[in-house]
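One-letter residues, chain by chain:
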Amino acid sequence: MLWRVAAAAAARWARPQGIGSPSVYHAVIVIFLEFFAWGLLTAPTLVVLHETFPKHTFLMNGLIQGVKGLLSFLSAPLIGALSDVWGRKSFLLLTVFFTCAPIPLMKISPWWYFAVISVSGVFAVTFSVVFAYVADITQEHERSMAYGLVSATFAASLVTSPAIGAYLGRVYGDSLVVVLATAIALLDICFILVAVPESLPEKMRPASWGAPISWEQADPFASLKKVGQDSIVLLICITVFLSYLPEAGQYSSFFLYLRQIMKFSPESVAAFIAVLGILSIIAQTIVLSLLMRSIGNKNTILLGLGFQILQLAWYGFGSEPWMMWAAGAVAAMSSITFPAVSALVSRTADADQQGVVQGMITGIRGLCNGLGPALYGFIFYIFHVELKELPITGSDLGANTSPQHHFEQNSIIPGPPFLFGACSVLLALLVALFIPEHTNLSLRSSSWRKHCGGHSHPHSTQAPGEAKEPLLQDTNV
């Protein structure tokens, strides 16, 4: 099969040698370079997307991101299992290469650019491999801080790169931005080849080659099959699904919505991303810690869902740019929901069930990454939220664009998908009311425990019961 040949070739190219011993900083640099390259393309991608699909921009954007998300959801467990056998470095190289492969195609052929983006979802799971890399080289008590450092680096790359890309595109043209993004992607690949050492012990990797991979390890729906076996787990998973489905759709289309419908300039979009990223980092660290200590875990989840309903409704009814900025501040506060859910699961689940429940939540989030963008694109389509005119090109990014921005929309609801999302999160809030503050989550079946521990390799540094799931699906800007 194609993936097997590609993985074997990557494994031969990725030598176990690197610079120094494996460390979290190797993983941080890999993540930063990959998402910095993609962040540079935020403004050019919005222009090329509408020029390529002028009549159904939002629908096609949703389909492209939806296909990518579903492919990532389906492939993440298999790639994670294979990295346990063939090594992390090989799959770091493979995932970064295929994730960044569409970048140079933006100026060569936009159709191929978007087609390759969709297909690249099969390998667009760099976060999964990076988190496995970190788990190999850290102790259990260090892992949360290491994961936080990787996630903060991802956020930092998106705080800076869209603004830089928008400025360079306005001054020098989008072609330079694409060349720069391609160069940074190549630098990331070279860094993995030359500097990143293998995290799996040398003595274990040769013995693990050829080890069997069971279907249970590669089954993307394996974690979802256990959802109904405990009522508390079911409530948590329904809450995550109903709240993350609109969030995934919002991330896939919101910056296009700001650019084309709300008349934001590329610089304004980049500034919006930067401000939202900084506020989200503050909310998920300082504010989240204060809320958890003062009002408790469950109430923090409810508060985060309340903020999410408010910001989605604000986006749905808002028709002025200042409303978008105000709602963005509320959106940053809504980012506390998922960390609070993860903390609730971590505190209430039995030690040998941590990986089970966290794996279910991650699987549901991965599924939403595929369904959410497609759903938002379809809702935009049925409400006829489309431009009648082509947007300005890259050479005119600084010009006044207001005469060209005419679109068909409902006069009462400018953003129908966001209002639908608010209704979905309202249902999530109602479900979350029934989640106990303190309980023990225990699945009735013992087969999952065997699955979590029975296929582990002797070189793994994970604690008993810790997840071997794909942890996080990669999300786009």
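Thresholds, definitions, all that
- Residues numbered from 1 in each chain as written.
- Predicted model: local features only at pLDDT ≥ 70, side-chain atom pairs only at ≥ 80, totals over all residues.
- Heavy atoms only, no water.
- Helix = DSSP H or I, 4+ residues; strand = E, 2+ residues; numbered from the N terminus.
- Buried < 20%, exposed > 50% of the residue type's maximum accessible area, 1.4 Å probe, protein only.
- Contact = heavy atoms within 4.5 Å.
- Areas by Shrake-Rupley, 256 points an atom, 1.4 Å probe, with all protein chains shown as cover.
- pLDDT = per-residue confidence, 0-100.
- Phe/Tyr/Trp six-rings, centres within 6.5 Å; stacked < 30°, edge-to-face > 60°.
- Expected span 1.5 Å × (residues − 1).
- Bend = angle between axes of the 7 residues up to and from the residue.

Asker: Before we move on, could you go through the overall build of the protein and cite the residues and values that matter?
Answerer: A count of helical and extended segments in the protein gives 20 helices and zero strands. Sorting the 477 residues of the protein into buried and exposed places 57% on the buried side. Sequence separation of 24 or more characterises 86% of the internal contacts of the protein that already satisfy a separation of 6 or more. Carbon and sulfur atoms make up 68% of the accessible area of the protein, which amounts to about 19,400 Å² in all.

Asker: Run through the confidence of the model for the protein, naming residues and quoting values.
Answerer: Considering every residue of the protein, the mean pLDDT works out to 75; 72% of them sit at 70 or more. No element of the protein has a lower mean pLDDT than helix 20 (residues 447-454), at 43, and none a higher one than helix 10 (residues 174-194), at 93. Contacts of residues 10-16 to residues separated by more than four positions or lying in other chains number 16 contacts, the stretch itself having pLDDT below 50. In the predicted structure, residues 203-209 sits below a pLDDT of 50 and forms twelve contacts with residues beyond four places in sequence or in another chain.

Asker: Lay out the packing of aromatic side chains with the relevant residues and their values.
Answerer: As enumerated under the stated definition, the model contains 20 aromatic pairs in all. On the numbers, 4.4 Å between centres and 20° between planes, the contact of F98 with F123 is stacked. Of this pair, F98 sits in helix 5 (residues 88-100) while F123 sits in the loop between helix 7 (110-119) and helix 8 (126-137), and the two are 25 residues apart along the sequence. With relative accessibility at 11%, the residue F123 sits in the buried group. Each ring, one from F264 and one from F272, has its centre 6.3 Å from the other, and the planes form 75°; the classification is edge-to-face. You'll find F264 and F272 in the same group, each marked buried. Here the aromatic cluster, defined as three or more aromatic residues joined through ring pairs, consists of F58, F254, F255, Y257, F264, F272, Y315, W325, Y376, F380 and F418.

Asker: Outline helix 13 (residues 231-260), listing residues and values.
Answerer: An α-helical segment advances 3.6 residues per turn. Residues three or four places apart therefore align on the same side. Its 30 residues give helix 13 an end-to-end C-alpha distance of 44 Å, which sits within 8% of 44 Å, the value for a rise of 1.5 Å per residue. Considering bend angle alone, the principal kink of helix 13 is centred on S253 and spans about 45°. Burial of helix 13 is extensive: 24 of the 30 residues sit out of reach of the surface.

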